[in-house]
There are 2 protein chains.
Amino acid sequence: MNPSRCAACRYLRRRCPPDCIFSPYFPPNNPQRFASIHRIYGASNVAKLLQRLPSHLRTQAADSLYLEAQYRIEDPVYGCVGLISLLQQQIHDIERQLAMTQAEIAFRARHPQAVEGNLLNNVGNPSFSNQASSWFM
Amino acid sequence: MNPSRCAACRYLRRRCPPDCIFSPYFPPNNPQRFASIHRIYGASNVAKLLQRLPSHLRTQAADSLYLEAQYRIEDPVYGCVGLISLLQQQIHDIERQLAMTQAEIAFRARHPQAVEGNLLNNVGNPSFSNQASSWFM
């Protein structure tokens, strides 16, 4: 039993060779990291993927594979594609809010009397924003 | 040779059984879909993942696995984690822009004389936005 075996070789119950492809990215003190990756991709697919990359990019690849594996374990149906959809929806919502806010500014600049004194109350009021948007967009 | 074998069984050069786990999600007319998934996850890992899910969720799972595999083939270092970082940065940028635009509205409402006649020119001007932000945020 070699206490310096990496997490992958411990998990796979094998000797950890000096040129182990997993060793630099799966330290023995974090067995969960390899277990997650192994569960989703399998050890040989991860080894192949790392071997195809230049060594200075392998840490980032191991990190991103681990993250994707975690997303897939937490959400076996959508994995990190679920998070991507959520972020895209969030971008759409904020862009819409930004467009409405810019329309308010344009409206206020063109009609200073129309909303004077009321603007502070209207900022963030969806019905006012929608009205302003319909005028200027 | 059975022409109705699914893309997975064709790829794996095996008989396609009536209860094939891949068949409903990997039709024979789209061989690339299974080839991508097999390259990243391996057939047995995909089969295991699909088998663990109720059948009404397997189409979505096969679709999201295919998307993730495509991202990983296009970007072997970051996969779809690269896209997640990009979207998070985009959200941060739009939120900042929205905060500055809201600060402009608040400024205009409190100081109608200060910017009257100049607001239209200042909308979207970063130096004005930064100035307004520093006053009100």
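By the naming in an unreviewed UniProt entry, chain A is LOB domain-containing protein, taken from Gossypium arboreum. In UniProt, chain A has this text filed under Sequence similarities (unreviewed entry): "Belongs to the LOB domain-containing protein family."

Participant: Quick question: what am I supposed to make of the side chain of A:Arg33 here?
Facilitator: Residues and elements named next belong to chain A. With respect to the secondary-structure elements, Arg-33 resides in helix H2 (residues 31–40). Assessed through its relative accessible area of 11%, Arg-33 is described here as buried. The residues contacting Arg-33, other than those within four sequence positions of it, are Tyr-25, Phe-26, Ala-62, Asp-63 and Tyr-66.

Participant: Just to check I follow, could you spell out the nonpolar core for this structure?
Facilitator: Nonpolar side chains in soluble globular proteins tend to be buried together. One finds A:Phe22, A:Phe26, B:Phe22 and B:Phe26 to be the most contacted residues of the largest nonpolar core, which totals 50 residues. Elements with a minimum of two residues in this core: helix H1 (7–11), H2, helix H3 (43–52) and helix H4 (58–74) of chain A together with helix H1 (7–11), helix H2 (31–40), helix H3 (43–52) and helix H4 (58–74) of chain B. Formed by 13 residues, the second largest nonpolar core is a distinct cluster that contains A:Cys80, A:Ile84, A:Ile91 and A:Leu98.

Participant: Hey, could you run me through the domain arrangement of chain A in this one?
Facilitator: One frequently used descriptor of interface size is the decrease in accessible area upon assembly of the parts. Each domain of chain A was delimited in the assignment, giving domain 1 (1–73) and domain 2 (77–109). Averaged C-alpha coordinates put domain 1 of chain A and domain 2 of chain A at centres separated by 37 Å.

Participant: It is not clear to me how the relation of the copies chain A and chain B should be interpreted in this structure. Could you clarify?
Facilitator: Relative to chain B, chain A is turned by 180° and slid 0.0 Å along the rotation axis, the superposed coordinates differing by an RMSD of 0.0 Å. Taken together, the turn and the small shift mark the pair as related by a two-fold rotation axis. Rotation axis and chain A: the residue whose C-alpha lies nearest the axis is A:Tyr41, separated from it by 2.3 Å. The residues that chain A uses at the interface reappear at the interface of chain B in 98% of cases, marking a shared surface.

Participant: Which parts of the structure should I look at to understand the confidence of the model for chain A?
Facilitator: Close inspection of predicted coordinates is inappropriate for parts of the model with low pLDDT. Residues and elements named next belong to chain A. With 80% of its residues at a pLDDT of 70 or more, chain A has an overall mean of 85. Contacts for the low-pLDDT stretch residues 128–137, under 50 throughout, to residues beyond four places or in other chains number 21 contacts. As scored by the predictor, the complex reaches a pTM of 0.78 and an ipTM of 0.77.

Participant: Explain unusual backbone geometry here, please?
Facilitator: Phi is mostly negative for residues that are not glycine, and the peptide bonds are mostly trans. The residue A:Arg13 is not glycine, and still its phi comes out positive at about 50°. Looking at the element boundaries, A:Arg13 is found in the loop between H1 and H2.

Participant: What is the right way to look at H2(B) in this model?
Facilitator: Note on helix geometry: an α-helix contains 3.6 residues per turn, so any two residues three or four positions apart are oriented the same way. Listed in full, the buried residues belonging to H2(B) are B:Arg33, B:Phe34, B:Ala35, B:Ser36, B:Ile37 and B:Ile40. In this fold, the buried residues of H2(B) make contact with H3 of chain A together with H1, H3 and H4 of chain B. At the exit of H2(B) stands B:Gly42, carrying a positive phi of roughly 85°.

Participant: Just to check I follow, could you spell out the interface of chain A and chain B for this structure?
Facilitator: Listed as interface residues are 46 residues of chain A and, on the opposing side, 45 residues of chain B. Carbon and sulfur atoms supply 72% of the area buried between chain A and chain B, which totals about 4100 Å² over both sides. Where chain A meets chain B, there are 2 salt bridges. With its nearest N and O atoms 2.8 Å apart, the salt bridge here joins A:Glu68 to B:Arg72. The interface formed by chain A and chain B includes 10 residue pairs in polar contact (both at pLDDT 80 or more). Broken down by secondary-structure element, the contributors of at least two residues to the side of chain A that touches chain B are H2, H3, H4, helix H5 (79–110) and helix H7 (119–122) of chain A. In terms of residue count, H5(A) provides more of the side of chain A that touches chain B than any other element does, 21 residues in total. Of the residues belonging to the side of chain A that touches chain B, the class tally is 27 nonpolar, 10 polar and 9 charged.

How each quantity is defined
- Residues numbered from 1 in each chain as written.
- Chains lettered and ligands numbered in written order.
- Predicted model: local features only at pLDDT ≥ 70, side-chain atom pairs only at ≥ 80, totals over all residues.
- Heavy atoms only, no water.
- UniProt positions renumbered as here; feature names shortened; annotations may be inferred.
- Helix = DSSP H or I, 4+ residues; strand = E, 2+ residues; numbered from the N terminus.
- Buried < 20%, exposed > 50% of the residue type's maximum accessible area, 1.4 Å probe, protein only.
- Contact = heavy atoms within 4.5 Å.
- Core = buried A, V, L, I, M, F, W, Y, C linked by side-chain atoms within 4.5 Å.
- Domains from an automatic or database assignment.
- Least-squares fit on C-alpha atoms with pLDDT ≥ 70 in both.
- pLDDT = per-residue confidence, 0-100.
- Buried area = accessible area lost by both parts, 1.4 Å probe.
- Salt bridge = Lys/Arg side-chain N within 4 Å of Asp/Glu carboxyl O.
- Polar contact = N/O pair within 3.5 Å; in protein donor to acceptor, adjacent residues only side chain to side chain.
- Nonpolar A, V, L, I, M, F, W, Y, C, P; charged D, E, K, R; others polar.

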